[in-house]
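Structural features, examined
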Amino acid sequence: MPHTIAIVGTGYVGLVSGTCFAEVGNTVYCVEVDAEKVSMIQAGKSPIYEPGLEILLERNVRERRLIVTDDLRQAVRACTMLFLCLPTPPNEDGSADLHYVLEVATEIAEIIKEEDIRDGRVIITRSTVPVGTAARVRSAVDAVTKDHPIAIASNPEFLREGFAVEDTMKPERVVVGTGDAHVRELLCDVYEPFLSNGNPIFIMDEKSAEVTKYAANSFLATKISFMNDLSAYCETVGVDIENVRQGIGSDSRIGKRFIFPGVGYGGSCFPKDVKALIHSAREAGTPLRIVEAVEDVNIAQTERFIGRIVKRMGEDLHNIRIALWGLAFKPNTDDVREAPAFRVIDALLSRRASITVYDPEAVKNTSRRYGTSIHYASNMYECVENSDCLVIVTEWNEFRKPDFARMAQSMNHRIMFDGRNMYHPYDMQMEGFEYYSVGRPDVKP
Ligand code: NAD
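Residues numbered from 1 in each chain as written. Predicted model: local features only at pLDDT ≥ 70, side-chain atom pairs only at ≥ 80, totals over all residues. Heavy atoms only, no water.

1. Section: the overall build of the protein
Scanning the protein for helices and strands turns up 17 helices and 14 strands. Computed over the C-alpha atoms, the radius of gyration of the protein is 24 Å, within 12% of the 22 Å expected from 2.2 N^0.38 for a compact globule of 445 residues. Taken along the three principal axes of its C-alpha coordinates, the protein extends 75 × 50 × 40 Å. Counting every position in the protein, which comprises 445 residues, the buried fraction comes to 54%. Relative to all contacts within the protein whose residues are 6 or more apart in sequence, the contacts with residues 24 or more apart total 72%. Charge separation in the protein, taken as the distance between the mean sites of 50 positive and 64 negative side-chain charges, equals 3 Å. (Helix = DSSP H or I, 4+ residues; strand = E, 2+ residues; numbered from the N terminus. Rg over C-alpha atoms; globule rule 2.2 N^0.38 Å. Buried < 20%, exposed > 50% of the residue type's maximum accessible area, 1.4 Å probe, protein only. Contact = heavy atoms within 4.5 Å. Lys, Arg positive; Asp, Glu negative; His and termini not counted. Charge placed at Lys NZ, Arg CZ, Asp CG, Glu CD.)

As structure tokens, this is what we get:
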């Protein structure tokens, strides 16, 4: 039997989850406070760039399985399960800001009380939240009513932006935190169509589910920071880290993924989740020393990259024209939250550089932050015209095999800082470029 499901917060997680729940036959109410997003979704248009999403979204809106609204009451009346896909941004001290989650949980309880809904509701936190949040949601709900049956569960999301539809339709695992047998049954039934390939659903207590999410992201960030730390060492001792990466990645205990050196991780998850875990662990009196180092290395890695640009191009970049490819925090998304490119742009702008940027999807989100203080090119070749150097920050596929001769002709100087090791140093030397990459020897023509 299909379910009627509410998704509260229709951003990267909520919109993809809601669309995929609808795609398998459920009726989904997406509740969203941003009026622009509501009207776009109503028109079958995706407010975010996520491969494969819009076609599913359009179909499910058209077939009335996906209903978007700003009316939480309508969703609470109609749906037994209410998934909270709300932001949990970092507070000043690094802890996760839970006010969206706690306020919406309270609001839901108030509606249930006012409407005297007695056939049971489940509030499921899908946002990334620190250990103990389910208990805080429970208290917030209990403060409103103890007379109405309201269950609480934790169901962290593991999707990757850029592969979000695929990850939601075929998750490698689903994690559910609940001690309630009925909730367990409901969620197993909701996820059943997505697990037909035999992938597992792990049922655990709420606190374990909460920590599982932070542990997963912090472990992945650890792999990246390990390689970034190693890249500095490789540069010093004259070793090509790409050889080392291949050499270790083939060991199945290490694995080939998440061991690419670069300019540091960014995005809406790793930076804030690493910070939140550090904060939670310190608060518990058991600091996580490795995770703390992961964050330090990440900050240092971007600084090191910027340092190399400045060392070569000059402390004062007035009259220096810098082309920059890649703004999104990773390829296949328009998400620029905590994007390393922004840290690079800020540093270069503070040294008065003239910057022209190009990204296949993230220009709109970037222009919201930088306005007219930087220039926007409509393609990668236009971006490098008359530039003194090229800086690559995001490894979009279209940058993989550029026409170097065409670039060389239109650039003032053939200097490239490749923060993603997209090319081979020897090839770049042959193409006549001065080439700086990560964890590999610099080359000059
Ligand atoms: P997002 O900012 O893209 O989406 C959140 C949405 O909630 C926004 O559209 C916002 O307008 C809406 N919202 C805010 N207050 C609301 C309210 N009171 N009622 C209804 N809607 C409201 O965030 P996101 O990237 O989807 O992340 C959501 C949560 O999921 C975060 O905790 C994040 O850490 C976690 N998460 C994100 C990803 C990811 O890749 N983006 C992956 C796994 C987990």
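2. Overview of the packing of aromatic side chains
This model, assessed by the stated rule, comprises 13 aromatic pairs. Aromatic side chains Phe258 and Phe270 sit 6.2 Å apart centroid to centroid with 45° between the ring planes, which places their arrangement in the tilted category. With Phe258 in the loop between helix H10 (241-249) and helix H11 (270-283) and Phe270 in helix H11, the pair connects residues that are 12 residues apart, well separated along the chain. On the accessibility criterion, Phe258 (29% relative accessible area) is partly exposed. A centroid spacing of 4.8 Å and a plane angle of 25° characterise the contact between Trp325 and Phe399, whose relative ring orientation is stacked. Highlighted residues: Trp325 in strand E9 (residues 321-325) and Phe399 in the loop between strand E12 (389-392) and helix H16 (404-410), separated in sequence by 74 residues. A relative accessible area of 0% places Trp325 in the buried class. Chaining the aromatic ring pairs together yields one cluster made of Phe21, Phe83, Tyr191 and Phe194. Above the face of the Phe163 ring, Arg160 is positioned so that its terminal group lies 4.3 Å from the ring centre. (Phe/Tyr/Trp six-rings, centres within 6.5 Å; stacked < 30°, edge-to-face > 60°. Lys NZ or Arg CZ within 6 Å of the ring centre and 35° of its normal.)

3. A word on the pairing of strand E8 (residues 201-204)
As paired elements, strand E7 (residues 174-177) and E8 share four bridges and run parallel to each other. Bridged to Val174 within E8 is Ile201. For the handedness criterion, the β-α-β arrangement of E7, helix H8 (residues 181-191) and E8 is classed as right-handed. (Pairing = 2+ DSSP bridges. Right-handed = clockwise from strand over helix to strand, strands pointing away.)

4. Notes on the side chain of Arg308
Inspection of the secondary structure puts Arg308 in helix H12 (residues 289-313). Only 2.6 Å separates the side chain of Arg308 from the side chain of Asp442, close enough to count as a polar contact. Ignoring any residue separated from it by four or fewer positions in sequence, one finds Arg308 in contact with Glu235, Phe417, Tyr436, Ser437, Val438, Arg440 and Asp442. (Polar contact = N/O pair within 3.5 Å; in protein donor to acceptor, adjacent residues only side chain to side chain.)

5. Focus on the packing of H12 against helix H13 (residues 340-350)
One way to put it is that H12 packs onto H13 with a least axis distance of 10 Å and a crossing angle of 45°. Taken together, the axes of H12 and H13 are oblique relative to one another. Our pair here, H12 against H13, has a crossing hand that is right-handed. Contact with H12, carried on its side by Asn298, Ile299, Thr302, Phe305, Ile306 and Ile309, involves Pro340, Arg343, Val344, Ala347 and Leu348 of H13 and no other residues of that element. Residues belonging to the contact of H12 with H13 are distributed by class as follows: eight nonpolar, two polar and one charged. (Axes fitted to C-alpha atoms, helices over the stretch in contact; angles between N-to-C directions. Parallel < 35°, antiparallel > 145°, perpendicular 65-115°, else oblique. Left-handed = near helix turned anticlockwise from the far one by under 90°. Nonpolar A, V, L, I, M, F, W, Y, C, P; charged D, E, K, R; others polar.)

6. A few points about the site of the ligand
What surrounds the ligand is a group of 27 residues, the closest being Glu32, Lys37, Thr88, Glu161 and Lys272. Separating an oxygen atom of the ligand from a side-chain N or O atom of Arg337 is a distance of 2.9 Å. Protein chains bury 89% of the 830 Å² of accessible surface belonging to the ligand in isolation. Mapped onto the shell around the ligand, the elements with two or more residues apiece are helix H1 (12-23) and helix H5 (99-114). Classifying every residue of the shell around the ligand gives 12 nonpolar, seven polar and eight charged. Residues lining the shell around the ligand come from more than one domain, with at least three contributed by each of domain 1 (4-204) and domain 2 (217-436). (Near = heavy atom within 4 Å. Areas by Shrake-Rupley, 256 points an atom, 1.4 Å probe, with all protein chains shown as cover. Domains from an automatic or database assignment.)

7. A closer look at the domain arrangement of the protein
For the protein, the domain assignment lists domain 1 (4-204) and domain 2 (217-436). On the side of domain 2, 18 residues touch domain 1, which itself brings 18 residues to the contact. Taken together, the two surfaces of domain 1 and domain 2 that pack against each other cover about 1,400 Å², and 48% of this comes from carbon and sulfur. Ranking the residues of domain 1 by area buried against domain 2 places Tyr12, Tyr49 and Glu161 at the top, with a combined share of 40%. Across the contact surface, domain 1 and domain 2 share seven residue pairs in polar contact (both at pLDDT 80 or more). Among the residues forming the side of domain 1 that touches domain 2, the class breakdown is nine nonpolar, five polar and four charged. (Buried area = accessible area lost by both parts, 1.4 Å probe.)

8. Observations regarding unusual backbone geometry
Residues other than glycine seldom take positive phi values, yet Phe258 does so here, at roughly 65°. With a phi angle near 75°, Asn319 is a residue other than glycine that sits in the positive phi range. Inspection of the secondary structure puts Asn319 in the loop between H12 and E9.

9. Digging into the pattern of salt bridges
Note that side chains of opposite charge can pair when their charged atoms are close. According to the stated counting rule, one finds 26 salt bridges in the structure shown. Ionic pairing is found between Arg59 and Glu23, a salt bridge with its closest N-O pair at 2.6 Å. One end of the pair, Arg59, is in helix H3 (residues 53-62); the other, Glu23, is in helix H1, with 36 residues separating them in the sequence. We note a salt bridge from Arg282 to Glu292, for which the minimum N-O separation is 2.7 Å. A residue pair is termed long-range when its members are at least 10 positions apart, and Arg282 in helix H11 and Glu292 in helix H12 qualify at 10 residues. With relative accessibility at 18%, the residue Glu292 sits in the buried group. (Salt bridge = Lys/Arg side-chain N within 4 Å of Asp/Glu carboxyl O.)

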